[in-house]
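Reading the structure
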Amino acid sequence: MTQTTRTPTAARPDGGVRPPAPRPGRLRSLVGAEGPHSTRNARNLLVTTTFSLVAIGLTMVLSASSVELVAVGRSPFDTFGKQLMWTGIGSVALVVCALVPLRAYRRLAWPILLGSFAVSLLVFTPLGYEVQGNRNWIRIAGLTVQPSEFLKLSIVIWGGAVLARKEKLLGSWKHLFIPVAPGAFIGICLVIAGKDLGTAMILALVAAALFFFAGASPKLFIGGIVLGTIGVALAVVSSPNRMSRISAWLDPAAEGTAEGLGYQSAQALYGLAGGGVFGVGVGQSRQKVSWIPEAHNDFVFAILGEELGLVGALIVILLFAVLAYSIVRISKLSGDLFVTYLCGGILVWIVGQAILNIAVVTGMIPVIGVPLPFISYGGSSMVAVLAAVGVLISCSRATDRRAARGPA
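I will try to describe carefully the structure that is included in this document.

Cut-off values and rules
- Residues numbered from 1 in each chain as written.
- Predicted model: local features only at pLDDT ≥ 70, side-chain atom pairs only at ≥ 80, totals over all residues.
- Heavy atoms only, no water.
- 1 Å grid on protein atoms, 1.4 Å probe; cavity = no way out; pocket = protein on both sides within 12 Å on 5 of 7 lines; lining within 4 Å.
- Points joined across faces, edges and corners; volume = space filled by probe spheres on them.
- Nonpolar A, V, L, I, M, F, W, Y, C, P; charged D, E, K, R; others polar.
- Axes fitted to C-alpha atoms, helices over the stretch in contact; angles between N-to-C directions.
- Helix = DSSP H or I, 4+ residues; strand = E, 2+ residues; numbered from the N terminus.
- Parallel < 35°, antiparallel > 145°, perpendicular 65-115°, else oblique.
- Left-handed = near helix turned anticlockwise from the far one by under 90°.
- Contact = heavy atoms within 4.5 Å.
- Buried < 20%, exposed > 50% of the residue type's maximum accessible area, 1.4 Å probe, protein only.
- Phe/Tyr/Trp six-rings, centres within 6.5 Å; stacked < 30°, edge-to-face > 60°.
- Salt bridge = Lys/Arg side-chain N within 4 Å of Asp/Glu carboxyl O.
- Pairing = 2+ DSSP bridges.
- Core = buried A, V, L, I, M, F, W, Y, C linked by side-chain atoms within 4.5 Å.

**Here's the deal with the layout of surface pockets**
Of the pockets and cavities examined, the second largest pocket occupies roughly 1,100 Å³. Lining the second largest pocket we find 33 residues, and of these Ile188, Ala204, Gly224, Leu227 and Gly228 sit closest to its centre. Of the residues contributing to the lining of the second largest pocket, the split by class is 28 nonpolar, 5 polar and no charged.

**A word on the packing of helix α2 (residues 38-71) against helix α3 (residues 78-99)**
At their nearest, the axes of α2 and α3 sit 8 Å apart, and the two run at 160 degrees to each other. Classified by the angle between their axes, α2 and α3 sit roughly antiparallel to one another. Two packed elements cross with a definite hand, and for α2 against α3 that hand is right-handed. Taking contact as the criterion, the partners of Phe51, Val54, Leu58, Val61, Leu62, Ser65 and Leu69 in α2 are, on α3, Asp78, Thr79, Phe80, Gln83, Leu84, Thr87, Ser91 and Leu94. In terms of residue class, the contact of α2 with α3 is built from 9 nonpolar, 5 polar and 1 charged.

**So, empty space enclosed by the protein**
Over the atoms, a rolling probe the size of a water molecule traces out where space has been left empty. Evaluation of the coordinates by the stated rule reveals 3 cavities of 30 Å³ or more. What the largest cavity holds in volume is close to 50 Å³. Ser120, Val123, Asn136, Pro147, Ser148, Leu190 and Val191 together form the lining of the largest cavity. For the lining of the largest cavity, the secondary structure elements donating two or more residues are α6 (147-165) and α8 (180-193). Here the residues of the lining of the largest cavity sort into 4 nonpolar, 3 polar and no charged.

**Re unusual backbone geometry**
A cis geometry characterises the amide bond from Ile178 onward to Pro179, with omega recorded as 10 degrees. Its location among the elements puts Pro179 in the loop between α7 (173-177) and α8. Unlike most non-glycine residues, Lys195 shows phi in positive territory, near 70 degrees. Structurally, Lys195 is set in the loop between α8 and α9 (197-213). Positioned with a positive phi, Phe374 is a non-glycine residue whose angle comes to about 70 degrees. Here Phe374 is to be found in the loop between α14 (337-361) and α15 (379-405). Phe374 gets classed as buried once you look at its relative accessible area, which sits at 2%.

**Quick word on the packing of aromatic side chains**
According to the stated counting rule, one finds 3 aromatic pairs in the structure shown. Ring geometry for Trp110 against Trp158: centres 5.3 Å apart, planes inclined by 75 degrees, an arrangement best described as edge-to-face. Taken together, the positions of Trp110 in helix α5 (residues 109-121) and Trp158 in helix α6 put the pair 48 residues apart, joining distant regions of the chain. Overall, the relative accessible area of 40% leaves Trp110 in the partly exposed class. Among the residues examined, Trp158 registers a relative accessible area of 1% and is labelled buried. Measuring from ring centre to ring centre gives 5.3 Å for Phe212 and Phe213, while their planes differ by 80 degrees; the resulting arrangement is edge-to-face.

**A look at the pattern of salt bridges**
On inspection of all chains with the given rule, the structure shows 6 salt bridges. A salt bridge links Arg74 to Asp78, with the shortest nitrogen-to-oxygen separation between them at 3.3 Å. Given the relative accessible area of 41%, Arg74 is considered partly exposed. What makes Asp78 partly exposed here is its relative accessible area of 28%.

**Concerning the sheet that holds strand β5 (residues 143-145)**
Within a sheet, neighbouring strands are paired by backbone hydrogen bonds and run either parallel or antiparallel to one another. Taken in spatial order, the 3 strands line up as β3-β4-β5 in an open sheet, and their pairing is antiparallel. Every interior strand has two partners, whereas the edge strands, β3 (128-131) and β5, have only one. Between one strand axis and the next, the sheet turns through 45 degrees on average, direction left out of account. With 3 bridges joining them, strand β4 (residues 134-140) and β5 adopt antiparallel strand pairing. Within β5, the position partnered with Arg139 by the bridge is Thr144.

**Structural notes on the nonpolar core**
Counting residues in each nonpolar core, the largest one holds 94 residues, and the members touching the most others are Phe320, Ile346, Trp349 and Phe374. Among the elements that make up this core, the one with the highest residue count is α14 (14 residues). Those residues in contact with Trp349, other than ones at most four positions away along the chain, are Glu149, Lys152, Leu153, Ile202, Val206, Ala384, Val385 and Ala388.

If you want it as structure tokens, here you go:
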């Protein structure tokens, strides 16, 4: 005889039987707001998504760089080894930033900003290093570092701390924009002085995100957008190279465009088209063989689309969407205004930069030179974004500590 198990029921005050409470599904319990472990689940989702993107990035860097290295007589693992080293350093930075208490970021906000300004000024000293006309790198002991990548995180931390401290004064536009707007403007000017318009645009996007989450009025926001657009236009007009990039994007069929400044973009589109739905297979890209210059850098998404196809590209986009969701969950579960600013700034930085990079590779916007977070080759970018994830984990851990203490 088969024995059945019955779900226990509870008695009601009127003597009847209360139906059993519905049990949430496993997926809902992992990503939902209910339950005592919601903060931990959001944190685990963040970490899992982050290192999934990192693993995909390492695979694509190895695939995109190995053939060219072999062609010049070097080990196919040289570039991959460097990226793996920077990933290890970034992982250490993630752990350190996660262990730093949230209150320490508030207290150290000004030193963090001023320190990042000081390091950014080193690019104009003999330590500075120029790459393709952009002077935004410093070389120390054989290692090349891009200070502007860390400037993004410092502006998020400093701007968030200042705005959170002035919470009751943000109704006045003067308190809302000062000193955050001048501080962000100084950082943007330092980057533009090194001729890196792409990074300057990301910094402006981060500053705009901070003001948005601080409740800036639509009029002020529209005014800021207009001023930013004018600034970008002036920066483009003042540079013949940038004007040529705009012309190549507007008229890709023009004579010589596909062989000149539009060459890299054209080859990237060929790669994406050649990948089809399921791709040609990892390591089988044809465009990486002397067709797309520096394929493992800003245009690595084209190699990813060719080898993994539309399905692989959509998986990467989905992972960035899940990353964004986990950051939003951490912010909502916290209830701390400082955490809201940190999460909002980092969210717009990482996801916004990913959107811009993919838009460049797919030809939707002109080439602006920003890496794809977690995936493109670049030590400074990898360390900076992993450190930012560590700051998010610190925010989540602070929420856990407040919940353990209970209401004040």
